[in-house]
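# Overview (structure and organization)
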Amino acid sequence: MKRPAFRPIVLTVNGARTAVRVPPMKRLLDVLREDCSLTGTKEGCGEGECGACTVILDGRAVNACLIPIGQAAGARVTTIEGLKGRHRLQAAFANLGGAQCGICTPGMILAAVALGPRPTLAQVRTGLAGNICRCTGYEGIYRAIAAARTARSRKAAASSQKLDARSRTSAEGRKQPKSRLPAEAPRAKAGVPSPESRPSTVLGAALSVSKGRVPPLDRARGGPERVEGPKAPSRSRS
Amino acid sequence: MRTALSPLTLRQPRSLAHALRLLRDEGPLTPLAGCTDVFVGLNFGTLGDRRFLNLWPLDQLRGIERRAGVLRIGALTTYTEIIASAVVGRHLPMLVAASREIGAVQVQNRGTLGGNIANGSPAGDTLPVLAAAEALVELRSADWTRKVPFTAFYTGYRVSVRRSDELVTAIEFPEVAGAQWFRKVGTRAAQSISKVVMAGVRAARPRIALGSVAPTVVRVPRTEEALAAGATIAEAQAILQEEIHPIDDIRSTASYRRRVAANLLAQFWNGSD
Amino acid sequence: MIRSVGRNVSRKDGAEKVDGTARYVDDLSRPGMLHARTIRSTIPCGDIARVRLDFDTTGFTIVGAGDIPGRNLVSLILEDQPCLAEARVRHAAEPVLLLAHEDRERLIGAAVTIDYRPHTPVFDPAQSPTVFKSVTIARGDLDEGFRRADVIVEGEYRTGHQEHLYIEPNGMLAVPEHGGVTVYGSLQCPYYVHKALCVLLGLPADRVRVVQAETGGGFGGKEEYPSMIAGHACLLALKSGRPVKLIYDRTEDMLATTKRHPSVVRHRTGVTRDGRLVAMDIDVLMDGGAYCTLSPVVLSRGCLHATGPYRCDHVRVNGRVVMTNTPPNGAFRGFGAPQTLFAADVHMERIAETLGIDPVRIREINALRPGDTTATGQVLGPDAAALDVLRAAVSRSDFRRKRRAWRGTHKGIGLSLFFHGAGFTGSGEVKLQSKASLELTPTGVRVLAASTDIGQGQRTVHAQIVADALGLPYDAVVVAAPDTAAVPDSGPTVASRTTMVVGGLLKRCAEEMRERLGRLTPKAYLKTHGPLVITKAYEPPPGLVWDDDTYRGSAYGAYGWACDCIEVEHDPVTSEVRPTRVTTAQEIGKAIFPLGARGQIEGGTAQGLGYALLEEVVLRDGAMANAQLTNYIVPTTLDTPPMDVVLVEKPYAHGPYGAKGVGEMPFDGVAPAVVNAIRSLGFDVRDVPATPERIMEAPPIGTGDSRLRPVAERRASARQAGLGIREARRTKRPRTTPSARARRKAVRS
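### What about the overall build of chain A?
- Looking only at helices and strands, one finds six helices and six strands in chain A.
- For chain A, the sequential pattern of α-helices and β-strands runs β-β-α-β-β-β-α-α-α-α-α-β.
- Counting the 238 residues in chain A, one finds 56% classified as buried.
- Within chain A, contacts between residues separated by at least 24 positions form 58% of all contacts whose residues are at least 6 apart in sequence.

### Description of the pairing of strand 9 (residues 171-177) of chain C
Residues and elements named next belong to chain C.
- Within strand 9, five of the seven residues are buried, which leaves it mostly tucked inside the rest of the structure.
- In this structure, strand 9 lies alongside strand 12 (residues 244-247), joined through four bridges in antiparallel fashion. Each bridged residue has a counterpart across the sheet, and for G171 the counterpart in strand 12 is I247.
- Hairpin remark: strand 9 followed by strand 10 (residues 180-185), antiparallel, with two residues in the connecting loop; positive phi at H178, about 50 degrees.

### A short note on the domain arrangement of chain B
- Once the domains are mapped, chain B shows domain 1 (9-54), domain 2 (59-173) and domain 3 (179-269).
- Placing a centre on the C-alpha atoms of domain 1 of chain B and another on those of domain 3 of chain B gives a separation of 34 Å.

### A look at the sheet that holds strand 10 (residues 167-173) of chain B
All names here are of chain B.
- On the basis of which strands lie adjacent, the open sheet formed by five strands has the order 4-5-10-6-7 and antiparallel pairing. Looking at the sheet topology across the chains shown, the edges are occupied by strand 4 (64-67) and strand 7 (145-149). Across the sheet, the axes of successive neighbouring strands diverge by a mean angle of 25 degrees, strand direction being ignored.
- Where strand 6 (residues 136-140) and strand 7 come together, five bridges link them in antiparallel fashion. Residue pairing for strand 7: L139 is matched across the bridge by R146.

### Describing the domain arrangement of chain A
Residue and element names in this part refer to chain A.
- With domains assigned, chain A is organised as domain 1 (9-83) and domain 2 (88-161).
- If you average the C-alpha positions of domain 1 and of domain 2, the two centres end up 22 Å apart.
- Counting residues at the interface gives 16 residues for domain 1, matched by 13 residues for domain 2.
- Counting only elements with at least two residues in the side of domain 1 that touches domain 2, the list comes to strand 3 (54-57) and strand 4 (60-63).
- With three residues, strand 3 is the single largest residue contributor to the side of domain 1 that touches domain 2.

### Things to note about the packing of helix 9 (residues 359-366) of chain C against helix 10 (residues 386-397) of chain C
All names here are of chain C.
- Where helix 9 meets helix 10, the axes come as close as 10 Å, and the angle between the chain directions of the two elements is 165 degrees. With respect to their mutual orientation, helix 9 and helix 10 come out roughly antiparallel. Both helix 9 and helix 10 take part in a crossing whose hand is left-handed. Every residue of helix 10 that contacts helix 9 at V360, R363 and E364 is listed here: L387, L390 and V394.
- By residue class, the composition of the contact of helix 9 with helix 10 is four nonpolar, no polar and two charged.

### Quick word on the packing of helix 2 (residues 88-95) of chain A against helix 3 (residues 105-113) of chain A
Residues and elements named next belong to chain A.
- Helix 3 packs onto helix 2 with a crossing angle of 135 degrees between their chain directions and a minimal axis gap of 10 Å. One way to sum up the angle between helix 2 and helix 3 is to call them oblique. You can see that helix 2 and helix 3 cross each other, and the crossing is right-handed. Touching L89, Q90 and F93 of helix 2 are T105, I109, A112 and V113, all from helix 3.
- A per-class count over the contact of helix 2 with helix 3 returns five nonpolar, two polar and no charged.

### Some thoughts on the sheet that holds strand 12 of chain C
Residue and element names in this part refer to chain C.
- Pairing is mixed in the open sheet, where seven strands are placed in the order 3-5-1-12-9-10-11. Two strands close off the open sheet at either side, each with one partner strand: strand 3 (61-63) and strand 11 (208-212). Taken pair by pair, the neighbouring strands of this sheet meet at an average axis angle of 20 degrees, ignoring direction.
- With six bridges joining them, strand 9 and strand 10 adopt antiparallel strand pairing. For P176, the partnering residue across the bridge sits in strand 10 and is V181.
- Lying on the sheet, helix 4 (residues 190-201) is in contact with strand 10 and strand 11; it crosses strand 11 at an angle near 150 degrees.

### Concerning the nonpolar core
- In this structure, A233(C), V466(C) and V674(C) are the most contacted members of the largest nonpolar core, which totals 386 residues.
- Once residues lying within four places of it in the same chain are set aside, the contact partners of A233(C) are A36(C), M172(C), L173(C), A174(C), V183(C), V244(C) and L246(C).

### Observations regarding the confidence of the model for chain A
All names here are of chain A.
- This prediction gives chain A a mean pLDDT of 76; 64% of its residues lie at or above 70.
- This model gives residues 154-212 a pLDDT under 50, and the stretch forms 115 contacts once residues within four places in sequence are excluded.
- In this model residues 229-238 is a low-confidence stretch, pLDDT under 50, and it forms 18 contacts with partners more than four residues away in sequence or in other chains.

### Observations concerning helix 5 (residues 225-240) of chain C
All names here are of chain C.
- For helix 5, spanning 16 residues, the distance from its first C-alpha to its last is 23 Å, which sits close to the expected 22 Å at 1.5 Å a residue.
- Of all 16 residues that make up helix 5, 15 are buried, and the element is covered over most of its length.
- Looking one or two residues beyond helix 5, the residue adopting positive phi is G241, at roughly 75 degrees.

### As for the pairing of strand 5 (residues 95-101) of chain C
All names here are of chain C.
- Across the seven residues of strand 5, seven count as buried, placing the element largely inside the fold.
- Looking at chain direction, strand 1 (residues 34-40) and strand 5 are connected through six bridges and run antiparallel. Bridge pairing in strand 5 links R37 to L99.
- In terms of strand pairing, strand 3 meets strand 5 through three bridges, oriented antiparallel. Looking across to strand 5, one finds that T61 is bridged to A100.

The rules we used
Residues numbered from 1 in each chain as written. Chains lettered and ligands numbered in written order. Predicted model: local features only at pLDDT ≥ 70, side-chain atom pairs only at ≥ 80, totals over all residues. Helix = DSSP H or I, 4+ residues; strand = E, 2+ residues; numbered from the N terminus. Buried ≥ 20, exposed ≤ 12 C-beta atoms within 10 Å, placed from the backbone. Contact = placed C-beta atoms within 7 Å. Pairing = 2+ DSSP bridges. Domains from an automatic or database assignment. Axes fitted to C-alpha atoms, helices over the stretch in contact; angles between N-to-C directions. Parallel < 35°, antiparallel > 145°, perpendicular 65-115°, else oblique. Left-handed = near helix turned anticlockwise from the far one by under 90°. Nonpolar A, V, L, I, M, F, W, Y, C, P; charged D, E, K, R; others polar. Core = buried A, V, L, I, M, F, W, Y, C linked by C-beta atoms within 7 Å. pLDDT = per-residue confidence, 0-100. Expected span 1.5 Å × (residues − 1).

Listed below in structure tokens is the structure:
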């Protein structure tokens, strides 16, 4: 017996009018991944806890795993693909340690986009509390967002050049302007080295951001090779 | 996802009136607001409902307004809207405080006050606020409208007086006299289910409501009376223990919940935050 | 040419991770693909009486133990774990049957009932009749050591399970082709999977191909477990003749896959009055779960780190890892060391409390120094950095001032000193015989290694090492996907070995290639001479000797060293303890990719905070009862504090550019530092997770007179306080000898 076709549901995805004929209770997450072939949005838990499925719907960050497509008719949805790799947050995440394994990254970036252009660190913590990252401890994410933020303002960009050797990383409760790009971790006293050891070099991880500009995304030059499709196995030559 | 979603039907009412007619004539239908609880149940395969009614487009169920001292919040108002509302911030700040503690931004953008009420979890974070504020729940069917005092809304664990052909359409709050207080003690700082949650109004006759310490949200009238009559904190704490019934579960223990509830009571009554 | 080692280059895989094009296994599909589901046992122990299929099986592929073409086992160390349970189940969620169907929803609806004859399960490791492995490490004469002690401090410390909670759950896509099978998956060790599949499927090595898809986190949870899930996907693929995708949802992943080994560690330690360790008697008990998996190696590493980074002439460590009827435990960042380092450093804190000695001082006195000998007889080289990191972290965090200022308040600061051996334990690297290759390309060179990037930056670090050693720009180095058809077996991506060992192999390849290239460009060379591939195999550093039978020798080529100072705030209303700041100094030889090293330290620290305060696996009837993200609590942005990281470099002579390892060490010291901070508030906590419920119940630390009191009184009050302090039996030997005085003088300087 032929099943009646589902009524088309029309929404806008990344600026494109999209009509899907799928069961109305199918999750927006699965519609995006399967019917729109946009696999950038990820499923980490299915229960709205991890935020890996975050998309922007009608201007607000939402968990796509909790929305039936039947409630998204007429909605404007932006996925990570909709940023086209050109958002300053994307370059910042890639270059400043905001992404390690990358599975939380699309959702994290969209949640960060939804914070607006000038969030304070406290607003970032609150605004990203629904996005769990297991790799970074969140610090690299804050650095990336701060860099993308200051990259917009020339005034802030100028001040971010001064990597104050005495200041600490942007820590809550410290007397620092909240918008300051986290400074290079200063050289700490190495303590008294014992005579038989070579002098230890103590350094903080330098952040290679100059002039407040975030270097653009470095696309695949020398990047990892991907394996696509069934290929005849090449012989290992070792 | 452990529920097959293809066979599930979703009715799309054109208006509130249409929705109510569908509920009356074509039930059973499970109303869907922001889905932040329903889809969790579908994901785990623990929700058996198969026929759903989409409320999301019904703007009649939205809106925050205050008239003649009564604050009226539409059932589909999201936590984000509550947090952003100057009116709610001025007149019912404990509801803003509760809304900020629910989930995180993504959940706040979709979760609704009506959904929190209809879901009826004993851990619902807004529910102690509604109890302490002595809100009225507006229920509508195709044929009538009625208002039920929130304190009489639940009759048991996840059971309420709402009929299957009724919708929660709005919540009304009379003027709250006294200092409002709210605290949630969760499993972590965000995205957490409460272990104990308490809302209170500090006044000569205080109002105190708690969640996660009984099968439903509870007011604690004997504790309130004792404090009104000048009991010491220690005495009030002892009475409190008789009015709450916390359990051990995967999140916490009964003894922890008892001690914390007592401490929250002291913190509330002493005006220290 | 700009050197790239030590610089924050552009991450090799950054672009695709931020633009959504990185392809994780669930992003892959093939025409005709089936979806899969695993039917698992619902009891912890018993015989399978009957399996009933109560559904319409049309269109289903069904696989049970009887369908296994090769041997029904997940090949690892001991051959005890079946790929599918046949007659017996030994833990809840053990896989019994596999189903595949085109339609995911038909899979959901498939009702399978298993009838059992249950047996009595063993859940308490202390009662287990089955020991997977025991280890003894001994040095000196314990009795002699205790005779020299002025005070003996005893204690028992417990750690629980921990779930990896990689944000991408386990998944595999198996494609039957070319007379065998190709598997794409979320995994850390393609050759582990390859070997296991050859055994399970009875296929020769060249008919099995394993390819790592982009992997969303591992932390050890995708070291050995992928062999199991790949086996399942392949069995279905071969039986059906179609590609099969098997992806776990979060609940299944938590229920069924490996966890960190819980532990109970007992210390009995003799110390002199002035704080010197003279005798360490340590008992380590770990819970391995139902099957052996990697437990022997976890125990081994745990025992080798059990003394902490401290020196002591008389040591005995007795360890055993045992069976319980719970899902098998496995590799997890730190791999046994976090458990024993937790006990060692909380115990050290208790020693300091008992003697009334400052916690920094007691560690300064006892920390291992270059030239010192470990419990297994390894002489530490000049790169040993315990004191460097201790002093760096203590000074930078302003530890002493805060400790004084916060006494009696709700704020606390705690300290831990720790170390971590990089590379496989003992003779492990020799046995692995890892290989890596470099292949010349027209534009540069291609790295061929089985190492996997799981977020830690392996692609980037390997490219940096090769670029500098070859004298080529970083952009000229391409890193091949880990594909067993194309890369040699470089060993697993575990044990903090990927930079140090595999990076070291690649550096040697690059150095030889540079010689062969001479002044020719790659393009010119290829035109003149044809293809060029250089392969190198592991060679142990000179003088690295280890005896597996006596457990003596050099356990690891190099150790990293670290110190955490962690600040917390306690809320007396709720008993919650919140971390407010982490200051950490970590010595890793050389930071090849400083941003990456920092990221590992910050991430490992956050994971450690979860372990210390939030993460608890609740077991009911041997199964995880809180297998939902809403109930297994990991830290969010609002649960993690600012982190201040100091990288210290004391180059390791046999690491590429001096590099040691960094992936695991940052995790090791967090729990003891947090608990020591809690102890500074007066709570006698000795277990993790230190949840608010536990802190509320914790007794106060025995306060009062910390000077030595007459024996009888001390014994009585110690029993009351539960401190377990016993006065050493006095002998006629005078306590103060010239040599003792000289020793004390040396220690103070």
